[in-house]
Amino acid sequence: MSTPTNRSWQMSGFGLSRLSQVEGKVPEPGPHDLLVRTKAVSLNYKDKMIVDGVLIPDLAFPFVPTSDAVGEVVAVGSAVSRFQVGQRVLGQVIADWPDGDAPPVLHKHTLGSSLSGMLSDHVIFGEDAAVLAPPSLGDIEAATLPIAALTAWFAMAEATRPVPGQTILIQGTGGVSLFALQFATAFGLRAIVTSSSDEKLERARKLGAWQGINYRTQPAWDEAVRELTNGLGVNHVLEMVGGDNARRSLNALAADGRLSIIGLLGAMELSFPIMPFMRNRITVQGLSVGHRRAFERMNQAIEALAIKPVIDKLFGFDEVPQALQHLEKGPFGKIVITTN
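Source: prediction; values computed, not measured.

Novice: So what's going on with the overall build of the protein chain? Which residues, and what values?
Specialist: Secondary structure assignment for the protein chain yields 10 helices and 15 strands. Radius of gyration (C-alpha) of the protein chain: 20 Å, near the 20 Å computed for a compact globule of 340 residues. Expressed as lengths along the three principal axes of its C-alpha atoms, the size of the protein chain is roughly 65 × 40 × 40 Å. Burial status across the protein chain gives 54% buried among its 340 residues. Expressed as a percentage of contacts within the protein chain between residues at least 6 apart in sequence, the contacts between residues at least 24 apart total 70%.

Written as structure tokens, this is what we have:
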């Protein structure tokens, strides 16, 4: 083993004050498991929601949070056939969803929520719940893929098929949103990005955004979207906020448009009128990351398209509380913790 002990960040209760670094034994892989030495861990907003007790109020303690990590396989179980020691891998977040329809009870086997998370020197992946990391990405970049990239990919390339020339509305400039923007650009879609920051909108334009709307200076951003599209609306909206924001998202959609529900930054419920939804034949889809086969297809596309994840800020392993606090600042891209 590379170290005699295994450092982890564990929750003993809810709140950052109950998150502390501990040392324990390096876990032993079972017959179908991989022992992985983590190299980098990326954060998602749901990680802070879990630490704060908002998302899983009945969480059992002690608990290691976070779900996204890249690492090197340092040992394999006796029955493992898909991977070898030395390979660089990513964990499939919904560990019991290899392909096809989602499992009947979603999130029953999910890294960082129902299963122990990634903030450890060593973690266990089931061999059927791991994929090879894209060779063109370094550890810091690859760590960002399991939730943010796969969610955007699943919404845009698995649950539907991109049609070049169509218009997509992407809300915000967080991890999922920027991956969606990069995929949209690669797919030949016209992307409209919303943000409260003109500076972030300018950075989004440099990544390929067709138009940007500052929703603070233009609170009726749905009407601005319709003006930009000659009154037609957009073909696809990535809804990141929830609550009443969904009402404007619905108004921004063209007939036969698609509303992908991804985020809940504003509220845990949706609110929109029924008649426009029915009259315009809107398709609403809920997104919960994606399956392993889609992850593998996405990684192949990332290689082919030469996509590079956008990193907002790096933190060391001793700076996990500061990294979680930084999520509140509205990062442009992903926050990554290195474990070396």
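Novice: Can you lay out the side chain of E141 for me, pointing to particular residues and giving the numbers?
Specialist: In this fold, E141 is placed in helix α2 (residues 139-142). Nearest to the buried, unbridged E141 among oppositely charged side chains is K308, at 4.0 Å. Setting aside chain neighbours within four positions, we find E141 in contact with S136, K308, P309 and I311.

Novice: Which residues make up the pattern of salt bridges, and what values go with them?
Specialist: Counted according to the given criterion, the structure contains 14 salt bridges. For the salt bridge of E296 with R293, the shortest nitrogen-to-oxygen distance reads 3.4 Å. Of the two residues, E296 and R293 are both situated in helix α9 (residues 292-305); the distance of three residues between them amounts to about one turn of the helix. Under the relative-accessibility criterion, E296 is labelled buried at 18%. Taking relative accessible area as the criterion, R293 reaches 28% and is therefore assigned partly exposed. Each of the salt bridges in this network shares a partner with another, and the network as a whole consists of R82, R292, R293 and E296.

Conventions and cut-offs
- Residues numbered from 1 in each chain as written.
- Predicted model: local features only at pLDDT ≥ 70, side-chain atom pairs only at ≥ 80, totals over all residues.
- Heavy atoms only, no water.
- Helix = DSSP H or I, 4+ residues; strand = E, 2+ residues; numbered from the N terminus.
- Rg over C-alpha atoms; globule rule 2.2 N^0.38 Å.
- Buried < 20%, exposed > 50% of the residue type's maximum accessible area, 1.4 Å probe, protein only.
- Contact = heavy atoms within 4.5 Å.
- Lys, Arg positive; Asp, Glu negative; His and termini not counted.
- Salt bridge = Lys/Arg side-chain N within 4 Å of Asp/Glu carboxyl O.

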